[in-house]
Structures are given as structure tokens and as C-alpha cells.
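# Architecture at a glance
What follows is the residue order along each chain.
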Amino acid sequence: MANVRDLKKDINYVLGDIIEAVYVWEYSNTDKDTKKSEAIIDEAIEVFDELIAKVNDKSVENKKAHFKSINQELETKGRALIEKINKLG
């Protein structure tokens, strides 16, 4: 398992790239309404805050399993956000 610093970097990079993809979509589609894309950005920020809070939780006994579940949650929620971006059209 990678260390905590690498997990935090992964969370930051994945969700940062998702937000950047939304901005690129907005820039490419200036004629379309941005309410849905802004909601995706808000959701990505919420996911970021939630995952970082879980990483910083010191009360966990089995850290390896805890960090593995965070990594899986990042992948699941990241894919869901990417699907939403793809559905923006």
C-alpha cells in the first residue's frame, strides 16, 4: 500500500483532473447551460473533502484496509463523475 501522502496526491490529481475536464467542456460549449456542469464540480469538491477527511481519520485501527477502501471509493466515485461529464453532451 502506498503511503498516506501518495493517497492524498491521488485524490487531488483524480478529482482535479475531473474538475479540469468540466472546465474544458464548459469552454468548448459556451452556448450550453452550465448548471449541470457546475453541479459536477460541486460534487467533485464534496467527494474530495469527504475522502481527505477519511484519510485524516486517526481513530482507525486497521489502516491498510481503511486506505484500501478509500482508494476503491475514489475509483468508484471518480468513474461516476466521469460518466456524468460524458453525459453532458
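Our subject is the structure that appears above.
Note that this is a predicted model, so its numbers are computed, not measured.

### As for the overall build of the protein chain
- Helix and strand content of the protein chain: three helices and zero strands.
- Ordered by position from N to C terminus, the α and β elements of the protein chain give α-α-α.
- Along the longest, intermediate and shortest principal axes, the C-alpha atoms of the protein chain span 50 × 20 × 15 Å.
- The contacts of the protein chain with a sequence gap of at least 6 include a subset with a gap of at least 24, amounting to 69%.
- With the model as given, the accessible surface of the protein chain reaches about 6100 Å², and the carbon-plus-sulfur share is 51%.
- Once the 15 positive and 18 negative side-chain charges of the protein chain are each reduced to a mean point, those two points are 6 Å apart.

### What to know about the pattern of salt bridges
- Going through the model one piece at a time under the given rule, you end up with six salt bridges.
- Among the ionic pairs, lysine 54 bridges to glutamate 50, the shortest N-O distance being 3.9 Å. A residue pair is termed a helical-turn pair when its members lie 3 or 4 positions apart in one helix, as lysine 54 and glutamate 50 do in helix α2 (residues 35-55) at four residues.
- Taking the shortest distance from any N to any O, the salt bridge between lysine 77 and glutamate 50 comes out at 2.5 Å. Of this pair, lysine 77 sits in helix α3 (residues 63-87) while glutamate 50 sits in helix α2, placing them 27 residues apart in sequence.
- With relative accessibility at 25%, the residue lysine 77 sits in the partly exposed group.
- In this structure, a network of salt bridges that share partners links the residues Glu50, Lys54, Glu73 and Lys77.

### Considerations on the nonpolar core
- In this structure, Ile11, Leu15 and Ile70 are the most contacted members of the largest nonpolar core, which totals 20 residues.
- The set of elements that each furnish at least two residues to this core consists of α1 (4-28), α2 and α3.

### Section: the side chain of glutamate 73
- By the element assignment, glutamate 73 lies in helix α3.
- A residue is classified by how much of its surface remains accessible, and glutamate 73, at 17% relative accessible area, is buried.
- Beyond its immediate sequence surroundings of up to four residues, glutamate 73 is in contact with Glu50, Leu51 and Lys54.

### Regarding the side chain of histidine 66
- Position of histidine 66 among the secondary structure elements: in helix α3.
- Taking the relative accessible area as the measure of exposure, histidine 66 reaches 16% and is therefore buried.
- Separated by 2.8 Å, the side chain of histidine 66 and the backbone oxygen of lysine 54 make a polar contact.
- Here histidine 66 is in contact with Lys54 and Val60, once residues within four sequence places are set aside.

Rules used throughout
Each chain carries its own residue numbering, running from 1 in the written order of its sequence. Two thresholds apply to this predicted model, a pLDDT of at least 70 for residue-level local features and 80 or more for giving and counting side-chain atom pairs, whereas whole-chain, interface and lining totals are computed over all residues. Hydrogens and water molecules were not included; the side-chain quantities draw on all heavy atoms of the structure. A run of H or I in DSSP becomes a helix once it reaches four residues, and a run of E becomes a strand once it reaches two; helices and strands are each numbered from the N terminus. Contacts were defined at the residue level, with two residues in contact if any of their heavy atoms lie within 4.5 Å. The accessible surface values rely on the Shrake-Rupley method and a 1.4 Å probe; as for residues, cover is taken only from the protein chains in view. Neither His nor the chain termini are counted; the positive set is Lys and Arg, and the negative set is Asp and Glu. One atom stands in for each charge, and that atom is NZ of Lys, CZ of Arg, CG of Asp or CD of Glu. We count a salt bridge whenever a side-chain nitrogen from Lys or Arg sits within 4 Å of a carboxyl oxygen from Asp or Glu. With a 1.4 Å probe rolled over the protein chains alone, any residue whose accessible area is under 20% of its type maximum counts as buried; one over 50% counts as exposed, and the rest are partly exposed. Joining through side-chain atoms within 4.5 Å is the link that ties buried Ala, Val, Leu, Ile, Met, Phe, Trp, Tyr and Cys residues into a set, and such a set is a nonpolar core. Polar contacts, as counted here, are pairs of nitrogen or oxygen atoms within 3.5 Å of one another; within protein the pair requires one atom able to donate a hydrogen and one able to accept it, and residues that are adjacent in sequence qualify only if both atoms are side-chain atoms.

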